[in-house]
Amino acid sequence: MNQKSERPAKPVNNAGLETNPPKRESVTPIMAGGPPCVKTSCEIAREYTAAGLSVIPIRADGSKVLALKTGERKTYETRLANDEELAAWFGDGRRRGPAVLCGAISGNAEVIDFDLPGALAEFERIAADNGAADLLARLVFVQSPRDPACGHLWYRCPDGVSGSLKLAFYPNPNPESGEGPWLCSIETRGQGGYAIVPGGPLTMHKTRRPYVLVRGDLCALPVISGAERAMLLQFA
């Protein structure tokens, strides 16, 4: 006679996450200078979602391509993924990483993306010259695997954000690449756009280096006004 035994309930915190989870293999460091993160990508994706960010999965092959079916992204521009979907994307050791959809679904989150070494330093200089150093210091900064001088500035703007904008360009050093004579050095990721966030495998980027949180908290993005946002975009 088979008798069903009940497992003891796992201790959880107020967010519903286990307080004594089993030991896991480290993924990537989340905070600059911090120890390797022992949370799984699924646990990290749940934390972002609990903070009101619309998480979507990225392939862990260096392509930075969404691991979603064609057109499926639109679903998560109108609602957050549920726990079942997060588990299907990131659970059971699936090698995918998290990205966040910007815009209204994520509380009007927006990213300024610096893709050229030196562009962020110049942006910071212009901000300081215009009395906006304190504003810049409030923004969350995620360092890019490409170069320590590149990365993403994150914030929320309740006054609204636009679609993604290309703000600055530089001459293509390899015009025969077929990418055109000019490449974008600074752009926003706004309504409908997305940006990769820390917490995925190293293979998320072709350099096999992690996205690292250098300043602030992605789960508590700073809020800026429409006037402050306009000022930031002018600095580019």
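The text that follows walks through the structure, step by step, so that each part is easy to find.

Cut-off values and rules
Residues numbered from 1 in each chain as written. Predicted model: local features only at pLDDT ≥ 70, side-chain atom pairs only at ≥ 80, totals over all residues. Heavy atoms only, no water. Axes fitted to C-alpha atoms, helices over the stretch in contact; angles between N-to-C directions. Helix = DSSP H or I, 4+ residues; strand = E, 2+ residues; numbered from the N terminus. Left-handed = near helix turned anticlockwise from the far one by under 90°. Contact = heavy atoms within 4.5 Å. Nonpolar A, V, L, I, M, F, W, Y, C, P; charged D, E, K, R; others polar. 1 Å grid on protein atoms, 1.4 Å probe; cavity = no way out; pocket = protein on both sides within 12 Å on 5 of 7 lines; lining within 4 Å. Points joined across faces, edges and corners; volume = space filled by probe spheres on them. Buried < 20%, exposed > 50% of the residue type's maximum accessible area, 1.4 Å probe, protein only. Polar contact = N/O pair within 3.5 Å; in protein donor to acceptor, adjacent residues only side chain to side chain. Pairing = 2+ DSSP bridges. Arc of directions from axis to C-beta.

Quick notes on the packing of helix H1 (residues 41-50) against helix H2 (residues 83-90)
Running from amino to carboxyl end, H1 crosses H2 at an angle of 145°, the nearest separation of the two axes being 9 Å. Our pair here, H1 against H2, has a crossing hand that is right-handed. Residue-level inspection shows Ser41, Cys42, Ala45, Arg46 and Thr49 of H1 in contact with H2, the latter providing Asp83, Leu86, Ala87 and Phe90. Partitioning the contact of H1 with H2 into residue classes produces five nonpolar, two polar and two charged.

A short note on empty space enclosed by the protein
Taken as a whole, this structure holds one cavity of 30 Å³ or more when the rule is applied. Looking at the largest cavity, its volume works out to about 50 Å³. Along the walls of the largest cavity sit 10 residues, with Gly200, Pro201, Met204, Pro210 and Tyr211 positioned nearest its centre. Counted by class, the lining of the largest cavity contains six nonpolar, three polar and one charged residues.

Some points on unusual backbone geometry
Even without being a glycine, Asn108 presents a positive backbone phi close to 60°. In this structure, Asn108 sits in the loop between strand S2 (96-101) and strand S3 (109-114). Judged by relative accessible area, which is 18%, Asn108 ranks as buried. In this structure, Arg208 takes a positive phi of about 60° despite not being glycine. One can find Arg208 in the loop between strand S8 (194-196) and strand S9 (212-215).

Concerning the side chain of Glu85
Tracing the chain through its elements places Glu85 in helix H2. Among the residues examined, Glu85 registers a relative accessible area of 17% and is labelled buried. Of the polar contacts made by the side chain of Glu85, one reaches the side chain of Tyr76; its length is 2.9 Å. Those residues in contact with Glu85, other than ones at most four positions away along the chain, are Tyr76 and Arg79.

Quick look at the pairing of strand S7 (residues 182-189)
Within S7, six of the eight residues are buried, leaving the element largely enclosed by the surrounding structure. When strand S6 (residues 166-171) meets S7, the two strands line up antiparallel, connected through five bridges. From the neighbouring strand, Tyr170 faces S7, where its bridge partner is Leu183.

Describing helix H5 (residues 226-235)
Those residues of H5 that sit buried are Arg229, Leu232, Leu233 and Phe235. The arc that holds every buried residue of H5, seen down its axis, measures 155°, which confines them to one face. The exposed residues of H5 that point more than 90 degrees off its buried face are Ala227 and Gln234. Those residues of H5 that are buried are in contact with S3, helix H3 (119-129), helix H4 (133-138), strand S5 (151-156), S6 and S7.

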